[in-house]
Amino acid sequence: MHVSHAHTPSRLQLNPQGRLRHFLTTEGLSREQLTEILDFAESFLGPDGSIHNQPLLAGRTVMNLFFEASTRTLTTFAVAAKRLGADVLNIDIAKSSNSKGETLRDMLWNLEAMTADIFVVRHPHSGAPHFIASQVTPKVAIINAGDGRHAHPTQGMLDMLTIRRHAGDFTKLTVAIIGDIKHSRVARSEIHALQTLGAKEIRIIAPRTLQPRDYQELGVKVYERLEEGLDGADVVIALRVQNERMESPLLASPEEFYALYGLTPEKLRRAAPNALVMHPGPINRGVEIASEVADGPQSLILKQVNYGIAVRMAVLTLAMQGQLTTRGDA
Amino acid sequence: MHVSHAHTPSRLQLNPQGRLRHFLTTEGLSREQLTEILDFAESFLGPDGSIHNQPLLAGRTVMNLFFEASTRTLTTFAVAAKRLGADVLNIDIAKSSNSKGETLRDMLWNLEAMTADIFVVRHPHSGAPHFIASQVTPKVAIINAGDGRHAHPTQGMLDMLTIRRHAGDFTKLTVAIIGDIKHSRVARSEIHALQTLGAKEIRIIAPRTLQPRDYQELGVKVYERLEEGLDGADVVIALRVQNERMESPLLASPEEFYALYGLTPEKLRRAAPNALVMHPGPINRGVEIASEVADGPQSLILKQVNYGIAVRMAVLTLAMQGQLTTRGDA
Amino acid sequence: MHVSHAHTPSRLQLNPQGRLRHFLTTEGLSREQLTEILDFAESFLGPDGSIHNQPLLAGRTVMNLFFEASTRTLTTFAVAAKRLGADVLNIDIAKSSNSKGETLRDMLWNLEAMTADIFVVRHPHSGAPHFIASQVTPKVAIINAGDGRHAHPTQGMLDMLTIRRHAGDFTKLTVAIIGDIKHSRVARSEIHALQTLGAKEIRIIAPRTLQPRDYQELGVKVYERLEEGLDGADVVIALRVQNERMESPLLASPEEFYALYGLTPEKLRRAAPNALVMHPGPINRGVEIASEVADGPQSLILKQVNYGIAVRMAVLTLAMQGQLTTRGDA
């Protein structure tokens, strides 16, 4: 164990036995760790999208702390936790004691004292879940449900499960991610997971203004032209154009984006035959993706949502188990 | 099976075996089908309003989709689903991805992919639950919790259960419905159910402006004067005056309505001795009903609410069972 | 049994066998009754803040009716009820039929008819839970979660549990309560419980403007100077400065309050060695308490929150049991 690394997110989310006790990022986790999550998630999945319930979190209290609104992700975590038999509480942050002048730290300490076992945290600031796990409530398992531009690791892992189930061996796959990579926590979590799982090639396709500066560190190939980036790709992931997260007018207009980067049936033909089409949702039809593609036979968009329940069940359970071991050690 | 009728709500809500798989309207269901709902609902009812819990929906996920606010109906469905052991999620439509520009169709597809089994839908537009069941998510059991002016079938059925328990044989009963029939989805669901269950006579009592145009099709007798309409009635149902649903000033004032149509002890004496008094709630005391009547010995208003839990338990379970059979066939 | 006292809160909350059937106030309960609550609460507590779940309310429906916002108290009751296996519904009062002109009485009758077993009521008006229990829905067990300036009995009892676990025998203890006693429902519930449990001495420390007029009836000693009031105290309870509840500018400023009444490490030295420090939360750091004290070794602030879950589990269960006995008698 590298004690000197204990402050990094990847170490922070592991207990002394190297098992998950929080789930903050896909970055720095080993191939074995990611594969364990995928295998465990798959164990909950039946054919045709059914989910096997298992009371692995019976008697546990999961609190959803969403500092940024998201009915969609909130609902998937609530469904996953309930299918594991947990008690689930959505904490209304806007109405909470914050408004009475209580500090974030005091609010979290109080929720912990109310016997919370797991906090599912979404926050507009990058690093907030990490801060909570390291500085505030380390004995509560923290699951990152999206923090700023940093990470959205359960989305990253459900995308990996989708790819593994429908395309198989990562080492043979070229994966192309299209859109606003620069501001996308989804893309970062996907790229880190794809690297670790051994994807043959990872491409990002974006206008210059939306390309991340650290793409060399990320180990990806950068394309400005969609047609070139799609060439022969086995998996094509279109990101949502998130106007709300951009601070300046980096995009001319939705129409122009669609003309250049919108995934149409015609452009998709540049990819490998039967290339998988994915999108983290919610989709902007006619902006980053054409309806014919979103609803077409290559689209796995709704499968992603479905697998997301299983992935969240796996992550919630694994982090709880690792956290309990840690508490036992303490 | 009349394939040519497959597009009508009454066929749409049945599976090929003729069993409920959605519950959209009381219109077009057979006497046997309505009686099955009533019998099943009654099986949950103990004396004095207690309800026998049964885990018939254990492991199922019920999502409440209320596009129109209603704490009251929302709560009854939540209680009913929980008493059946289901996981219940209230989807906050206002905060949902709708606000991110997602289409209704995409939102519903996503919720279905999150392993929803049942959508309980309230919508301001007539036909919305029908549209969802036919065009969007046919594999999710859709329960209509009130759509526009069209139908409120669980309210209709809980009223039938109330009448059957307290007045017995429908074929001997004259039922009078008072108020804004024209805009009332409750009245429509009641009238269709009463017809099918063989009520001796159905009367509607309303000012001309609030009488429905299709009363002949509905097979009801129309009265403008309350005293005449009440004469000898065995069951008297006062509707809520819903100013919020009226588009033009069809009523002079609440005071005038009360003078002409308010159900007072004096006017109630025109009905049969011990006539049952019902109201779908919430009541406007001193508008459509006097407090002495609402709280009097003939009033079944709170019994209706209580039976509503049992009726919703029955409908949720039957639709789920019919839906599962259909899924198995698919 | 003193029938003539049946209208007082203390009698109202007991059934004919003298057992709790509501929990409205600590005032007037006997030492045996308070001790039973504490003992039962303690039975749920494991070491280190864990809680033993017990399905004592399985199949029961608990409705939280918060007419005054409080995420914190709402969450503790929801956690407690879920840990007892109850179905829990938070009724959104603001959105409820109140807005449709329904009376409070009709709303409560309707919720009762929806098979509610317990109402957890918070209300800005003193006496509202008492009114509901006596005049509206006596067959629903009413738990007071804070009413106006009157009482906050579960807070009072969790404070008693904290004192008993950490300081032992009440008859040897001097307890000092600091702050806005006049407007504090927490202080009233504490004082009544401390009296009944036989505390050696109860002191209140407050500026003249915030001293209650009835302190002689309450049987407490009043101090205007913090240093004098703290002298030799075994338990020190700092109250939250609640600007929102004060009707006039009774406090000069938070800074001035802190200078005179803020619990600092220096001032705390006037109390007994290892005196317990408590606060009902949420805390205003630097107003009524210094961070060094709130986070220091004498502070039991988070233990209070933790014990609060156990106390609420005890009170919910005891009131339900007493209510059922009453219903059986009726």
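In this text, all values refer to a predicted model and were calculated from it rather than measured experimentally.

**Things to note about the overall build of chain A**
In step 1: From N to C terminus, chain A includes 13 helices and nine strands.
In step 2: Relative to its length of 330 residues, chain A is compact, with a C-alpha radius of gyration of 19 Å against a globular reference of 20 Å.
In step 3: Oriented by its inertia axes, the alpha-carbon framework of chain A measures out at about 55 × 40 × 40 Å.
In step 4: Taking all 330 residues of chain A together, 61% fall into the buried category.
In step 5: Summarising the internal contacts of chain A: among those between residues at least 6 apart in sequence, 74% fall at separations of at least 24.

**Re the sheet that holds strand β3 (residues 118–123) of chain B**
Hydrogen bonding along the main chain pairs the strands of a sheet, whether they run parallel or antiparallel.
In step 1: A sheet is described by the order of its strands in space; here four strands give the open sequence β2-β1-β3-β4 (chain B), paired in parallel fashion. Edge positions in the sheet fall to β2 (87–91) and β4 (141–147) of chain B, since each has one partner strand and no second. Averaged over all pairs of adjacent strands, the angle between strand axes in this sheet comes to 15°, irrespective of strand direction.
In step 2: Looking at chain direction, β3(B) and β4(B) are connected through five bridges and run parallel. In the strand pairing of β4(B), Phe119(B) is matched with Ile142(B).
In step 3: Strands β1 (61–66) and β2 of chain B of the sheet are contacted by helix α3 (residues 71–83) of chain A, whose axis makes an angle of about 170° with β2(B).

**Some details on the packing of aromatic side chains**
In step 1: All chains considered together, the criterion is met by six aromatic pairs over all chains.
In step 2: The cationic tip of Arg312(A) hangs over the ring face of Phe77(A); the distance from NZ or CZ to the ring centre is 5.0 Å.

**Considerations on the interface of chain A and chain B**
In step 1: Taken together, the contact between chain A and chain B spans 22 residues of the former and 22 residues of the latter.
In step 2: Note on chain A versus chain B: buried area summed over both sides is about 1,900 Å², and carbon and sulfur give 56% of it.
In step 3: The largest per-residue losses of area from chain A upon contact with chain B belong to Thr71(A), Lys82(A) and Leu302(A), which jointly make up 26% of the total buried on that side.
In step 4: Across the contact surface, chain A and chain B share three salt bridges.
In step 5: Of the charged contacts, one joins Arg72(A) and Glu102(B) as a salt bridge, the two residues approaching to 3.6 Å between their closest N and O atoms.
In step 6: Summed over the shared surface of chain A and chain B, the number is six residue pairs in polar contact (both at pLDDT 80 or more).

**Let's talk about the interface of chain B and chain C**
In step 1: With 22 residues of chain B at the interface, the matching set in chain C holds 22 residues.
In step 2: Carbon and sulfur atoms make up 56% of the surface buried where chain B meets chain C, a total of about 1,900 Å² over both sides.
In step 3: For the chain B face of the interface with chain C, the top three residues by lost area are Thr71(B), Lys82(B) and Leu302(B), together amounting to 26%.
In step 4: Between Asp117(C) and Arg83(B) there is a salt bridge, with its nearest N and O atoms 4.0 Å apart.

**Side note on the pairing of strand β6 (residues 201–205) of chain C**
Residues and elements named next belong to chain C.
In step 1: Here β6 lies mainly inside the structure; five of its five residues are buried.
In step 2: Handedness of the crossover joining strand β5 (residues 174–178) and β6 through helix α7 (residues 185–197): right-handed.
In step 3: Both β6 and strand β7 (residues 221–223) contribute to a ladder of three bridges, which runs parallel. Opposite isoleucine 204, over in β7, you have valine 222 as the bridge partner.

**Details of the relation of the copies chain A and chain B**
In step 1: Mapping chain A onto chain B leaves a residual RMSD of 0.0 Å; the transformation is a rotation of 120° accompanied by 0.0 Å of translation along its axis. Overall, the copies show the geometry of a three-fold rotation axis.

**Section: the packing of helix α4 (residues 104–113) of chain B against helix α5 (residues 128–136) of chain B**
Residues and elements named next belong to chain B.
In step 1: For the pair α4 and α5, the least separation of the axes is 12 Å and the interaxial angle reads 70°. Looking at the two axes, α4 sits roughly perpendicular to α5. Between α4 and α5 the crossing geometry is right-handed. Counted together, Arg105, Leu108 and Trp109 of α4 and Phe131, Ile132, Gln135 and Val136 of α5 form the full contact between these two elements.
In step 2: In the contact of α4 with α5, the residues fall into five nonpolar, one polar and one charged.

**Regarding the packing of helix α2 (residues 31–44) of chain C against helix α6 (residues 153–167) of chain C**
All names here are of chain C.
In step 1: Packing of α2 against α6 brings their axes to within 10 Å, and their N-to-C directions diverge by 70°. Between α2 and α6, the crossing angle belongs to the class labelled roughly perpendicular. Where α2 approaches α6, its residues Leu34, Thr35, Ile37, Leu38, Asp39, Ala41 and Glu42 are matched on the opposing element by Met157, Met160, Leu161, Arg164 and Arg165.
In step 2: Here the contact of α2 with α6 is composed, by residue class, of seven nonpolar, one polar and four charged.

**Topic: the domain arrangement of chain A**
The parts lose accessible area when they come together, and the size of an interface is often stated as this lost area.
Residue and element names in this part refer to chain A.
In step 1: Domain assignment breaks chain A into domain 1 (3–152 + 306–329) and domain 2 (153–305).
In step 2: Relative to domain 2, the C-alpha centre of domain 1 lies at a distance of 26 Å.
In step 3: The partner domain 2 presents 33 residues to the 37 residues of domain 1 that form the contact.
In step 4: At the boundary of domain 1 with domain 2, total buried surface from both sides reaches about 3,000 Å², with 57% on carbon and sulfur atoms.
In step 5: For domain 1, the biggest contributors to the area lost against domain 2 are Arg149, His152 and Tyr307; these three give 28% of the whole.
In step 6: Joining domain 1 to domain 2, the criterion identifies four salt bridges.
In step 7: Linking arginine 164 and glutamate 42 is a salt bridge whose minimum nitrogen-to-oxygen distance equals 2.7 Å.

**Side note on unusual backbone geometry**
In step 1: Geometrically, the link from Gly281(B) to Pro282(B) is a cis peptide bond, its omega value of -10° lying close to zero.
In step 2: Structurally, the position occupied by Pro282(B) is in the loop between β9 (276–278) and α12 (291–294).
In step 3: Phi at Thr115(C) takes a positive value of approximately 75°, unusual for a residue other than glycine.
In step 4: Among the secondary structure elements, Thr115(C) is positioned in the loop between α4 (104–113) and β3 (118–123).
In step 5: Of the residues examined, Thr115(C) reaches a relative accessible area of 8% and is grouped as buried.
In step 6: Unusually for a residue other than glycine, Asn274(C) sits at a positive phi of about 60°.

**A look at the side chain of Arg72(C)**
In step 1: Relative to the assigned elements, Arg72(C) resides in helix α3 (residues 71–83).
In step 2: At 3.3 Å, the side chain of Arg72(C) forms a polar contact with the backbone oxygen of Pro280(C).

**As for the sheet that holds strand β4 (residues 141–147) of chain A**
All names here are of chain A.
In step 1: If you trace the four strands from one edge of the open sheet to the other, you get β2-β1-β3-β4, paired in parallel fashion. Strands with a single pairing partner mark the edges of an open sheet, and in this sheet they are β2 (87–91) and β4. Pairs of neighbouring strands in the sheet enclose a mean axial angle of 15°, with direction left out of account.
In step 2: Relative to strand β3 (residues 118–123), strand β1 (residues 61–66) runs parallel, the two being bridged by five bridges.

**Structural notes on the environment of Pro297(A)**
In step 1: You can see Pro297(A) is positioned in the loop between α12 (291–294) and α13 (301–329).
In step 2: Distance from Pro297(A) to Ala141(A), taken between C-alpha atoms, is 39 Å for residues 156 residues apart in sequence.

**Overview of the pattern of salt bridges**
In step 1: A full pass over the atoms with the stated rule returns 51 salt bridges over all chains.
In step 2: The network of salt bridges with shared partners includes Asp39(A), Glu42(A), Arg164(A) and Arg165(A).

**With respect to α6(C)**
In step 1: With 15 residues, α6(C) extends 20 Å from end C-alpha to end C-alpha; this agrees with the ideal 21 Å at 1.5 Å per step.
In step 2: Burial runs high along α6(C): 11 of the 15 residues are buried.

The rules behind each value
- Residues numbered from 1 in each chain as written.
- Chains lettered and ligands numbered in written order.
- Predicted model: local features only at pLDDT ≥ 70, side-chain atom pairs only at ≥ 80, totals over all residues.
- Heavy atoms only, no water.
- Helix = DSSP H or I, 4+ residues; strand = E, 2+ residues; numbered from the N terminus.
- Rg over C-alpha atoms; globule rule 2.2 N^0.38 Å.
- Buried < 20%, exposed > 50% of the residue type's maximum accessible area, 1.4 Å probe, protein only.
- Contact = heavy atoms within 4.5 Å.
- Pairing = 2+ DSSP bridges.
- Axes fitted to C-alpha atoms, helices over the stretch in contact; angles between N-to-C directions.
- Phe/Tyr/Trp six-rings, centres within 6.5 Å; stacked < 30°, edge-to-face > 60°.
- Lys NZ or Arg CZ within 6 Å of the ring centre and 35° of its normal.
- Buried area = accessible area lost by both parts, 1.4 Å probe.
- Salt bridge = Lys/Arg side-chain N within 4 Å of Asp/Glu carboxyl O.
- Polar contact = N/O pair within 3.5 Å; in protein donor to acceptor, adjacent residues only side chain to side chain.
- Right-handed = clockwise from strand over helix to strand, strands pointing away.
- Least-squares fit on C-alpha atoms with pLDDT ≥ 70 in both.
- Parallel < 35°, antiparallel > 145°, perpendicular 65-115°, else oblique.
- Left-handed = near helix turned anticlockwise from the far one by under 90°.
- Nonpolar A, V, L, I, M, F, W, Y, C, P; charged D, E, K, R; others polar.
- Domains from an automatic or database assignment.
- Expected span 1.5 Å × (residues − 1).

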